[in-house]
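# Coordinate analysis (summary)
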Amino acid sequence: MSLLSIQLKALSRVNMLIKKKIMVLEDWGPFDDGFEEISLSKGSEDEVRFWLAKELQKNSLVKISESISLDELGRILFQERQNINTPASLVKVPKDFYYRISVLLEDLKKENSLEALEQLRKARQLLEEIVSIRIRKIIQLAFLKISDQNILDKLTAEEILVYRNIKYTIEHNIGDIIGYTTS
């Protein structure tokens, strides 16, 4: 397992503790999650840790509010394509962009309809193209040693890990490739 894989897995676990907005569908609680006691009232909006939100949504007690739509994915792809060869032109996406996509994909998988299956296929296709373009831009940023915080603020946490790993590899291993040390 690569260092990047380990870092991404750790980030995923940390993300499980981040609070997410939910719409409460049924009264629930009280429950002590180890940090606080939680009671949810039907019809209200609240925030709970992601791991708990996922479990409550599985049991149809809440609906996670922070998701993304196919239209929004299409808009992001359109914007990314506009300046496909300009690394600094990354579209600002929510910091939890990949989490939101996972919620969308999970929701579409649960539905048993032909329309949902087609939407799932389209969502995956849009996601693959968005990721392809964004990774290409991130590689270019790392190669150019760009460290402008305004540009880096457009990256998700996962993308920052990719950027830093690529930049480190370029800075510290290029000498091995061409036969001399760069330091």
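Residues numbered from 1 in each chain as written. Predicted model: local features only at pLDDT ≥ 70, side-chain atom pairs only at ≥ 80, totals over all residues. Heavy atoms only, no water.

### Overview of the overall build of the protein
The helix and strand inventory of the protein stands at 7 helices and 5 strands. Counted from the first residue to the last, the protein has its helices and strands arranged as α-β-β-β-β-α-β-α-α-α-α-α. In terms of overall dimensions, the protein has a C-alpha envelope of 65 × 40 × 30 Å along the principal axes. Looking at the protein as a whole, 34% of its 183 residues qualify as buried. Taking the contacts inside the protein whose residues are at least 6 apart along the sequence as the reference set, 62% of them involve residues at least 24 apart. Per element, the accessible surface of the protein, about 11200 Å² overall, is 54% carbon and sulfur. For the protein, the distance from the average position of its 27 positive side-chain charges to the average position of its 28 negative side-chain charges is 6 Å. (Helix = DSSP H or I, 4+ residues; strand = E, 2+ residues; numbered from the N terminus. Buried < 20%, exposed > 50% of the residue type's maximum accessible area, 1.4 Å probe, protein only. Contact = heavy atoms within 4.5 Å. Areas by Shrake-Rupley, 256 points an atom, 1.4 Å probe, with all protein chains shown as cover. Lys, Arg positive; Asp, Glu negative; His and termini not counted. Charge placed at Lys NZ, Arg CZ, Asp CG, Glu CD.)

### Comments concerning the UniProt feature "domain: GINS subunit" (unreviewed entry) in the protein
UniProt feature "domain: GINS subunit" (unreviewed entry): in the numbering of this structure it lies at residues 68–170. Taken end to end, residues 68–170 is 73% helix and 0% strand, and its first and last C-alpha atoms sit 34 Å apart. (UniProt positions renumbered as here; feature names shortened; annotations may be inferred.)

### A short note on the sheet that holds strand S5 (residues 62–64)
Strand order in the open sheet made by the 3 strands is S4-S1-S5, with antiparallel pairing throughout. Strands at the two margins of the open sheet, each flanked by one partner only, are strand S4 (45–49) and S5. Between one strand axis and the next, the sheet turns by 45 degrees as a mean value, whatever way the strands run. Where strand S1 (residues 19–24) and S5 come together, 3 bridges link them in antiparallel fashion. Considered in S5, the bridge of Val24 is made with Val62. Across the face of the sheet, helix H2 (residues 50–58) comes into contact with S1, S4 and S5 while running at roughly 125 degrees to S5. (Pairing = 2+ DSSP bridges. Axes fitted to C-alpha atoms, helices over the stretch in contact; angles between N-to-C directions.)

### Remarks on helix H5 (residues 114–143)
Relative to the 44 Å expected for 30 residues at 1.5 Å per residue, H5 spans 44 Å between its end C-alpha atoms, a close match to the ideal helical length. Along H5, the positions that sit buried rather than exposed are Ala116, Leu120, Ala123, Leu126, Leu127, Ile130, Ile133, Arg134, Lys137, Ile138, Leu141 and Ala142. Backbone geometry just downstream of H5 places Lys145 in the positive-phi region, at approximately 55 degrees. (Expected span 1.5 Å × (residues − 1).)

### Considering the pattern of salt bridges
Tallied over the full model, the rule gives 13 salt bridges. Residue Glu106 is joined to Lys54 by a salt bridge in which the shortest nitrogen-to-oxygen separation is 3.7 Å. Placement of Glu106 in helix H4 (residues 97–110) and of Lys54 in helix H2 is noted, with a sequence separation of 52 residues between them. Glu106 gets classed as partly exposed once you look at its relative accessible area, which sits at 31%. A residue is classified by how much of its surface remains accessible, and Lys54, at 25% relative accessible area, is partly exposed. Taking the shortest distance from any N to any O, the salt bridge between Lys58 and Glu55 comes out at 3.2 Å. (Salt bridge = Lys/Arg side-chain N within 4 Å of Asp/Glu carboxyl O.)

### What to know about the packing of aromatic side chains
Overall, the coordinates contain 4 aromatic pairs when judged by the stated rule. Relative to Trp51, the ring of Phe31 has its centre 6.4 Å away and its plane inclined at 65 degrees; by these criteria the two rings are edge-to-face. Placement of the pair is Phe31 in strand S2 (residues 28–32) and Trp51 in helix H2, with a sequence separation of 20 residues. Exposure remark for Phe31: the relative accessible area of 28% places this residue in the partly exposed category. (Phe/Tyr/Trp six-rings, centres within 6.5 Å; stacked < 30°, edge-to-face > 60°.)

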